[in-house]
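# Working through the structure, step by step
Below are the chains, spelled out letter by letter.
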Amino acid sequence: MRAAILTLSDRCSTGERADGSGPALRAWLEERGVTVACTDVIPDEGALISAKLVEWADSGLYDLILTTGGTGVSPRDVTPEATERVVERLLPGFGEVMRMESLKKTPHAIISRAVAGIRKNALIINLPGSPKGATENIGFVWAAVPHAVAKLQGDPEECGTPLPR
Ligand SMILES: Nc1nc2c(c(=O)[nH]1)N[C@H]1C(S)=C(S)[C@@H](COP(=O)(O)OP(=O)(O)OC[C@H]3O[C@@H](n4cnc5c(N)ncnc54)[C@H](O)[C@@H]3O)O[C@H]1N2
Ligand SMILES: O=P(O)(O)OP(=O)(O)O
């Protein structure tokens, strides 16, 4: 699996704050054997975010695109809207599970509006901005990611487990 990581943060994009979340996600993925082929840090600007997601998804180079940051309710948090504009199909289960599991960690989890979806052959998943929030959330949905990536790339295998006789 080849992944790309997009950090959305005004402060990190200007260098005012070091990006902790992109590198934390890279380490998390690499520990699981995923190649992180590309990373970028851009400000919380909807048009820039959508354009980058389109560029990466349409390149065919990445199976998985993770975003971190901008999922909450601050005035400049626009990652979910920018993602919804460019995905062809939404995967609501990812956001549902991330919020449900994250609530066990912090009541603030309900604030994240993260979405996930598919564009071309890429699975795009929004994650919260903090390194802790980002890595916790990818952990909550990871069990489904390799199967989702295989299916969206046309894996013809039947995935129903036969019932025991
Ligand atoms: N499982 C968890 N889920 C959530 C957590 C959590 O800790 N565990 N945090 C919750 C909180 S709090 C919020 S608010 C929401 C939404 O988060 P956002 O996506 O809007 O995050 P931001 O406002 O962009 O960032 C929050 C905070 O994190 C620090 N930060 C942000 N970006 C970076 C970065 N690239 N490197 C280092 N630190 C970063 C900074 O202090 C920001 O103020 O999510 C909940 N879900
Ligand atoms: O990283 P920013 O500057 O976009 O702000 P924050 O993550 O604190 O919302």
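By the naming in an unreviewed UniProt entry, the protein is Molybdopterin adenylyltransferase, taken from Geomonas propionica. Quoted straight from UniProt, the Catalytic activity (unreviewed entry) entry for the protein says "molybdopterin + ATP + H(+) = adenylyl-molybdopterin + diphosphate". Checking UniProt for the protein, the heading Pathway (unreviewed entry) contains the comment "Cofactor biosynthesis; molybdopterin biosynthesis."

## What about the layout of surface pockets?
As a volume, the largest pocket reaches approximately 740 Å³. Contributing to the lining of the largest pocket are 39 residues, with Gly69, Gly70, Pro128, Gly129 and Ser130 lying nearest its centre. Sorting the residues of the lining of the largest pocket by element identifies strand 1 (2-8), helix 1 (10-14), helix 5 (92-102) and helix 6 (131-141) as the ones contributing at least two each. The residue makeup of the lining of the largest pocket, split by class, is 10 nonpolar, 18 polar and 11 charged.

## Topic: the UniProt feature "domain: MoaB/Mog" (unreviewed entry) in the protein
Here the UniProt feature "domain: MoaB/Mog" (unreviewed entry) sits at residues 4-148. Annotated as residues 4-148, this span is 44% helix and 21% strand, and its ends, taken at the C-alpha atoms, are 16 Å apart.

## Some points on the site of ligand 1
In the vicinity of ligand 1 there are 26 residues, among which Gly20, Thr71, Gly72, Ser102 and Glu136 approach most closely. One nitrogen or oxygen atom from the main chain of Gly72 is found 2.8 Å from an oxygen atom belonging to ligand 1. The separation between a nitrogen atom of ligand 1 and a polar side-chain atom of Ser102 is 2.8 Å. When isolated, ligand 1 has an accessible area of 870 Å², and the protein chains bury 75% of it. Judged by the fraction of its atoms near the pocket grid, ligand 1 is located in the largest pocket. The element best represented in the shell around ligand 1 is helix 6, accounting for six residues.

## Notes on a nonpolar patch on the surface
Together, Val73, Leu103, Ile110 and Ile111 give the surface a local cluster of nonpolar side chains, amounting to about 390 Å² of exposed area. Mapped onto the fold, Ile111 is located in the loop between helix 5 and strand 5 (116-119). Residue classification places Ile111 among the partly exposed positions, given a relative accessible area of 37%.

Analysis parameters
Residues numbered from 1 in each chain as written. Chains lettered and ligands numbered in written order. Predicted model: local features only at pLDDT ≥ 70, side-chain atom pairs only at ≥ 80, totals over all residues. Heavy atoms only, no water. UniProt positions renumbered as here; feature names shortened; annotations may be inferred. 1 Å grid on protein atoms, 1.4 Å probe; cavity = no way out; pocket = protein on both sides within 12 Å on 5 of 7 lines; lining within 4 Å. Points joined across faces, edges and corners; volume = space filled by probe spheres on them. Helix = DSSP H or I, 4+ residues; strand = E, 2+ residues; numbered from the N terminus. Nonpolar A, V, L, I, M, F, W, Y, C, P; charged D, E, K, R; others polar. Near = heavy atom within 4 Å. Polar contact = N/O pair within 3.5 Å; in protein donor to acceptor, adjacent residues only side chain to side chain. Areas by Shrake-Rupley, 256 points an atom, 1.4 Å probe, with all protein chains shown as cover. Sits in = over half its atoms within 2 Å of the grid points. Patch = residues over 30% accessible without salt bridge, like charges linked within 9 Å, V, L, I, M, F, W, Y side chains within 5 Å. Salt bridge = Lys/Arg side-chain N within 4 Å of Asp/Glu carboxyl O. Buried < 20%, exposed > 50% of the residue type's maximum accessible area, 1.4 Å probe, protein only.

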